[in-house]
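Now for the letters of each chain:
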Amino acid sequence: MKIGSIEILPVLDGVGRENAHEVLSRPGVDDAWSCHSDQLDEHGVLHLDLGGFLVRTGDRVVLVDAGVGTIDNGQYSGGKFLRSLAARGVTPEDVTDVVFTHLHFDHVGWATSKGQVVFPHATYRVHAADWAHFVEAPDAQPGAVRKLGPLRSRLETFDTDVSIAPGLTARHTPGHTPGSTVYIVADGDQRALLLGDVVHSVVELHERDWEAVFDLDPVAARAMRNVIADEVADSADLVVGAHFPGLRFGRVVTASGTRRFQHLV
Ligand SMILES: [Zn+2]
Ligand SMILES: [Zn+2]
């Protein structure tokens with residue numbers, strides 16, 4: 001996928017499985033999934049692809065999120081990330097920047113391994129509010145501190161909407177987590193938005209007011225979800241969520257009064 005001269009490629013790591021009815025709902029709507037069974041398997045399970053995105057811009061090799069890592073707990077499994085990168089011709093040493101949409105475990109799996117950074121030449125970047133919440137807070141989870149603590153010497157946090165690299169900017173979209181960030185790739189009049197977990201399933205772009213049990217601030221997350229969906233709907237913007245099928249981009253279009261996410265063919 002190209003936006004002008006900037007290349008964006010999915011980097012698959014593994015898959016997660018969630019009971020859709022338990023994790024995503026629309027308050028006030030009885031069976032919000034009834035018209036979306038095409039997004040689920042025969043058991044009502046939503047498959048969440050896990051991984052990240054490789055963005056090549058100028059002389060920079062940027063990773064947006066770093067998969068789930070080498071876990072397999074029966075529900076979430078990963079392990080393919082570095083092989084997927086190698087298939088793109090990229091070694092860990094080549095990566096200049098690792099930026100996180102947020103610090104949930106399924107986005108930071110390959111940040112470090114056994115206490116060592118996986119991408120030895122990279123600068124790691126995340127919104128300051130997520131670093132504070134997931135790593136510095138007195139009640140931070142030990143697992144997150146263990147995974148992310150070793151990044152400290154290579155970390156740059158940001159607390160405004162900054163330019164990360166040529167054509168790549170960060171936009172604060174709090175709600176799912178305090179520092180949730182959408183990364184926008186732009187060149188000329190073309191834009192692509194990497195939505196992270198502002199949305200988990202494409203259905204959250206079909207209708208307003210979806211809520212996820214993973215949202216740390218459900219009200220803010222729902223409002224942000226609506227803002228982003230309204231902004232990109234019926235525009236030329238390409239969008240992808242962090243867990244969309246195949247990590248494939250698409251557009252949000254309205255046809256016959258119904259809003260849909262349509263994969264690029
Ligand atoms: Zn998340
Ligand atoms: Zn996630």
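Keep in mind the model is a prediction, meaning the values are calculated, not measured. (Residues numbered from 1 in each chain as written. Chains lettered and ligands numbered in written order. Predicted model: local features only at pLDDT ≥ 70, side-chain atom pairs only at ≥ 80, totals over all residues. Heavy atoms only, no water.)

## What about the side chain of threonine 112?
Mapped onto the secondary structure, threonine 112 falls in strand β8 (residues 112–113). A polar contact of 2.6 Å, which involves the side chain of threonine 112, links it to the backbone oxygen of lysine 147. The residues touching threonine 112, leaving out its near neighbours within four places in the chain, are Val117, Val118, Arg146, Lys147, Pro150 and Leu151. (Helix = DSSP H or I, 4+ residues; strand = E, 2+ residues; numbered from the N terminus. Polar contact = N/O pair within 3.5 Å; in protein donor to acceptor, adjacent residues only side chain to side chain. Contact = heavy atoms within 4.5 Å.)

## Brief notes about the layout of surface pockets
There is about 740 Å³ of room inside the largest pocket. Lining the largest pocket are 32 residues; nearest its centre among them are His104, Phe105, Asp106, Val108 and Ala144. Secondary-structure elements contributing two or more residues to the lining of the largest pocket are β8, α3 (128–136) and α4 (142–148). Looking at the lining of the largest pocket, the element that brings in the most residues is α4, giving four residues. Split into classes, the residues belonging to the lining of the largest pocket amount to 13 nonpolar, 12 polar and seven charged. (1 Å grid on protein atoms, 1.4 Å probe; cavity = no way out; pocket = protein on both sides within 12 Å on 5 of 7 lines; lining within 4 Å. Points joined across faces, edges and corners; volume = space filled by probe spheres on them. Nonpolar A, V, L, I, M, F, W, Y, C, P; charged D, E, K, R; others polar.)

## Regarding the environment of histidine 121
Looking at where histidine 121 falls in the secondary structure, it is placed in the loop between β9 (116–117) and β10 (123–127). On the accessibility criterion, histidine 121 (52% relative accessible area) is exposed. On a C-alpha basis, the gap between histidine 121 and phenylalanine 261 in space is 37 Å, while along the polypeptide they are 140 residues apart. Setting aside residues up to four positions removed in sequence, histidine 121 forms contacts with Glu93, Val95, Thr96 and Arg154. For histidine 121, the side chain forms a polar contact with the main-chain oxygen of glutamate 93, separated by 3.0 Å. (Buried < 20%, exposed > 50% of the residue type's maximum accessible area, 1.4 Å probe, protein only.)

## Re the coordination of the zinc ion (ligand 1)
For the zinc ion (ligand 1), the protein coordination sphere consists of His102 (NE2), His104 (ND1), His176 (NE2) and Asp197 (OD), at 2.1 to 2.2 Å. For the zinc ion (ligand 1), the donor residues sit on a single chain with the sequence spacing H-x1-H-x71-H-x20-D. In this structure the zinc ion (ligand 2) is found 3.6 Å away from the zinc ion (ligand 1), and aspartate 197 serves as a bridging donor for the pair. Across the pair, exposure class does not vary: histidine 102 and histidine 104 are buried alike. (Donors = N, O, S within 2.8 Å, 3.2 Å for Na, K, Ca; no water.)

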